[in-house]
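Fold and geometry: a report
Given next are the chains, with one letter for each unit.
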Amino acid sequence: MARLNVSTSFVLCIQGHLFSIRLFMEIILGLGRMIVMELKSKEDILEMLEGYEKIVLFGDSGCAQMCDVGGILQLEDMTDFLADHGKDVLGYVFVEGGLCDEFATKQELEKHKNMLEEADAFLVQACGVATQNLTEMVPEKISLPAVDSDFLGTMPERFHHDERCSMCGECVLDLTGGICPITRCAKGLLNGPCGGSMDGMCERDEDTECAWQLIYDRLREIDKLDNIKRIWEMKDWSKKHGPKTIVHEAKDALFQ
Ligand code: SF4
Ligand code: SF4
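I will try to describe carefully the structure that is included in this document. (Residues numbered from 1 in each chain as written. Chains lettered and ligands numbered in written order. Predicted model: local features only at pLDDT ≥ 70, side-chain atom pairs only at ≥ 80, totals over all residues. Heavy atoms only, no water.)

Observations regarding the site of ligand 2
Around ligand 2 sit 13 residues, and of these Cys-185, Cys-194, Cys-202, Cys-210 and Ala-211 come closest. When the residues that make up the shell around ligand 2 are grouped by side-chain class, the tally is nine nonpolar, two polar and two charged. (Near = heavy atom within 4 Å. Nonpolar A, V, L, I, M, F, W, Y, C, P; charged D, E, K, R; others polar.)

In structure tokens, the structure reads:
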């Protein structure tokens, strides 16, 4: 499927360096959190593109690249794949940072104006935010998602992602020793463990650690075991429900 030529190899080499630097920085800085996503199946992508001939691809150097779905290498691969299936891929738009950054995306859209005008459809190799952003920014074109967004998680090593946060809107990590029960407990319990916890593992399957065992161990380690006896206050789940909009005030200092 992927046909490497000199320019692709060069891009791959540069991308490899950038990826290594970025990965190194993220490991050093203890980051590596991202929206984790997977490419849809080839069949789904081709079905989605039925009736559209001239395609422009979109990717970015943020979560899309880190998840190996929308970096330059994957945009090149998709170009080859679609060309092999009779599509006319006009090119791709790659946004440094992320397609969720409207300012950066608008700049790239402006740069590629002529190519975009010619397109029948955009295929977005990034999360649902990216596809919706493009739908709103370029309503006269159809933007289609090439990926499924799965969860907010970590990347302990390349190609490996673990779910870590459900973005509940009311973080309780201060009480749970930095381990999220909502996301990491299979039942999302706020007052675990349940009766299915056995030898540190969850009843769900033999590979899943019991989040509440992890929380217990961590609280004991940091001498906060009293937290586990606490009857958790009611959680305000309304904060989880969307659609939400947050407008931050411009401030000179964090707390004003
Ligand atoms: S408590 Fe809520 S915000 Fe905090 S890590 Fe868990 S899901 Fe995310
Ligand atoms: S065994 Fe532990 S992680 Fe699994 S559902 Fe029960 S409390 Fe949650």
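Having seen the structure, we can now continue with the description.
Focus: the nonpolar core
Val-56, Leu-57, Phe-58, Met-78, Leu-82, Leu-99 and Leu-123 are the most contacted members of the largest nonpolar core, which totals 42 residues. It is helix α4 (residues 72–84) that provides the largest number of residues to this core, a total of five residues. Ignoring any residue separated from it by four or fewer positions in sequence, one finds Leu-57 in contact with Leu-75, Met-78, Thr-79, Leu-82, Val-89, Gly-91, Tyr-92, Val-93, Leu-123 and Gln-125. Core analysis: the next-biggest nonpolar cluster, separate from the first, contains 15 residues, Cys-185, Leu-190, Leu-214 and Ile-215 among them. (Core = buried A, V, L, I, M, F, W, Y, C linked by side-chain atoms within 4.5 Å. Buried < 20%, exposed > 50% of the residue type's maximum accessible area, 1.4 Å probe, protein only. Helix = DSSP H or I, 4+ residues; strand = E, 2+ residues; numbered from the N terminus. Contact = heavy atoms within 4.5 Å.)

Points about the sheet that holds strand β7 (residues 160–165)
One open sheet holds the three strands; their spatial order is β1-β6-β7, and the pairing between them is antiparallel. In this open sheet, the two edge strands, each paired with only one partner strand, are β1 (34–39) and β7. Recorded for the sheet is a direction-independent mean angle of 70° between the axes of neighbouring strands. Bridge count for strand β6 (residues 147–157) against β7 is four bridges, and the pairing is antiparallel. Within the sheet, the bridge partner assigned to Gly-153 lies in β7 and is Glu-163. (Pairing = 2+ DSSP bridges. Axes fitted to C-alpha atoms, helices over the stretch in contact; angles between N-to-C directions.)

What about the packing of aromatic side chains?
In this structure the tally under the stated criterion is one aromatic pair. With a centroid separation of 5.0 Å and an interplanar angle of 50°, the aromatic rings of Phe-58 and Phe-122 are classed as tilted. Of this pair, Phe-58 sits in strand β2 (residues 54–60) while Phe-122 sits in strand β4 (residues 121–124), and the two are 64 residues apart along the sequence. If you follow Lys-235 out to its NZ or CZ, it ends over the ring of Trp-237, 5.1 Å from the centre. (Phe/Tyr/Trp six-rings, centres within 6.5 Å; stacked < 30°, edge-to-face > 60°. Lys NZ or Arg CZ within 6 Å of the ring centre and 35° of its normal.)

As for the site of ligand 1
Residues in close proximity to ligand 1 include Cys-165, Ser-166, Met-167, Cys-168, Cys-171, Val-172, Leu-173, Cys-180, Ile-182 and Thr-183, which together make up its full environment. Taken together, the residues that form the shell around ligand 1 break down as eight nonpolar, two polar and no charged.

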